[in-house]
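Here is what each chain is made of, one letter per residue.
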Amino acid sequence: MKQFFKYVAQKNSLKKSVKIALLVGTILALINHAGAIFNWNFNTTMIFQIVLDYFVPFGVASYSAAMELVYANRVEKREKKDT
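Position numbers for residues start from 1 in each chain and track the written sequence from start to end. Note on the predicted model: pLDDT of at least 70 is required for a residue's local features to be given, and 80 or more for side-chain atom pairs to be given and counted; whole-chain, interface and lining totals, by contrast, use all residues. As a convention, hydrogens and water are excluded, and side-chain values are obtained from all of the structure's heavy atoms.

(A) Expanded view of the overall build of the protein chain. Each helix is a run of DSSP H or I of at least 4 residues and each strand a run of E of at least 2, with the numbering of both proceeding from the N terminus. Helix and strand counts for the protein chain stand at three helices and zero strands. The linear arrangement of helices and strands in the protein chain, starting from the amino end, is α-α-α. Each radius of gyration is computed over the set of C-alpha atoms, and the globule rule expresses the reference value as 2.2 Å times the number of residues to the power 0.38. Computed over the C-alpha atoms, the radius of gyration of the protein chain is 18 Å, more than 25% above the 12 Å expected from 2.2 N^0.38 for a compact globule of 83 residues. Its C-alpha atoms give the protein chain principal-axis dimensions of roughly 65 × 20 × 15 Å. Accessibility here uses a 1.4 Å probe with only protein chains present; expressed as a share of the type maximum, an area under 20% marks a residue as buried, one over 50% as exposed, and anything in between as partly exposed. Taken over 83 residues, the protein chain has a buried fraction of 24%. Residue contacts follow a heavy-atom distance rule, with two residues in contact if any of their heavy atoms lie within 4.5 Å. Sequence-distant contacts in the protein chain: of pairs separated by 6 or more residues, those separated by 24 or more amount to 69%. For the protein chain, the exposed surface amounts to about 6,600 Å²; the carbon and sulfur share of it is 65%. Under the counting rule used here, the positive set is Lys and Arg, the negative set is Asp and Glu, and His together with the chain ends is not counted. Lysine's charge is taken at NZ, arginine's at CZ, aspartate's at CG and glutamate's at CD. Treating the 11 positive side-chain charges of the protein chain as one cloud and the 5 negative ones as another, the clouds have centres 8 Å apart. Accessible surface is estimated by sampling points in the Shrake-Rupley manner with a 1.4 Å probe; for residues, cover comes only from the protein chains shown.

This is how it looks when you write it as structure tokens:
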């Protein structure tokens, strides 16, 4: 688990996750709240939902990047062990 968070915190992983979150979060926010965004008519619940529109893709992208690195590390260790 400690190694997982180490991978999540890597600069490259964070950069990719932020880029994905900005793109996907913006699309989700526009799909889900276009009327409020264009009319500039927000309430607290809607702001929370828009924040989640960005946070969820960030979490998914971070998890995916970290699991990819965990898997690559396991394969690398296995290959070293076999040789």
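(B) Layout of the packing of helix H2 (residues 11–39) against helix H3 (residues 44–82). With axes taken as lines fitted to C-alpha atoms, and helix axes fitted only over the stretch in contact, angles between N-to-C directions fall between 0 and 180 degrees. Running from N to C, H2 and H3 cross one another at 150°; their axes reach a closest spacing of 8 Å. As the angle between them shows, H2 and H3 are arranged roughly antiparallel. As H2 packs across H3, the resulting crossing turns out to be right-handed. Among the residues forming the contact of H2 with H3, the class breakdown is 18 nonpolar, eight polar and one charged. By the definition adopted for this analysis, an angle is roughly parallel if under 35 degrees, roughly antiparallel if over 145, roughly perpendicular if from 65 to 115, and oblique otherwise. Rotating anticlockwise by less than a right angle from the far helix to the near helix defines a left-handed crossing, while the corresponding clockwise rotation defines a right-handed one. In this classification, the charged set is Asp, Glu, Lys and Arg, the nonpolar set is Ala, Val, Leu, Ile, Met, Phe, Trp, Tyr, Cys and Pro, and all remaining amino acids, among them Gly, are polar.

(C) Quick look at a positive patch on the surface. Think of a patch as exposed residues, more than 30% relative accessible area, with no salt bridge, where like charges cluster within 9 Å and nonpolar side chains (Val, Leu, Ile, Met, Phe, Trp, Tyr) cluster within 5 Å. Whenever Lys or Arg places a side-chain nitrogen within 4 Å of a carboxyl oxygen from Asp or Glu, that contact is recorded as a salt bridge. Taken together, Lys 6, Arg 74, Lys 77, Arg 78 and Lys 81 make up a surface patch of like positive charges. If you tally residues by element for the positive patch, the top one is H3, at four residues. Tracing the sequence through the fold places Arg 74 in helix H3.

(D) The arrangement of the environment of Ala 61 in detail. Position of Ala 61 relative to the elements: it lies in helix H3. By relative accessible area, Ala 61 is classed as buried at 12%. On a C-alpha basis, the gap between Ala 61 and Ser 17 in space is 5.1 Å, while along the polypeptide they are 44 residues apart. Setting aside anything within four residues of it in sequence, one finds Ala 61 in contact with Ser 17 and Ile 20.

(E) Region of interest: the nonpolar core. In this structure, Phe 4, Tyr 7, Val 8, Ala 66 and Val 70 together form the largest nonpolar core, which totals five residues. Of all elements in the fold, only helix H1 (2–8) and H3 reach the threshold of two or more residues within this core. Here the element with the most residues in this core is H1; it accounts for three residues. In contact with Val 70, other than residues within four places in its own chain, are Phe 4 and Tyr 7. For this analysis, a nonpolar core means a set of buried residues of the types Ala, Val, Leu, Ile, Met, Phe, Trp, Tyr and Cys, connected via side-chain atoms within 4.5 Å.

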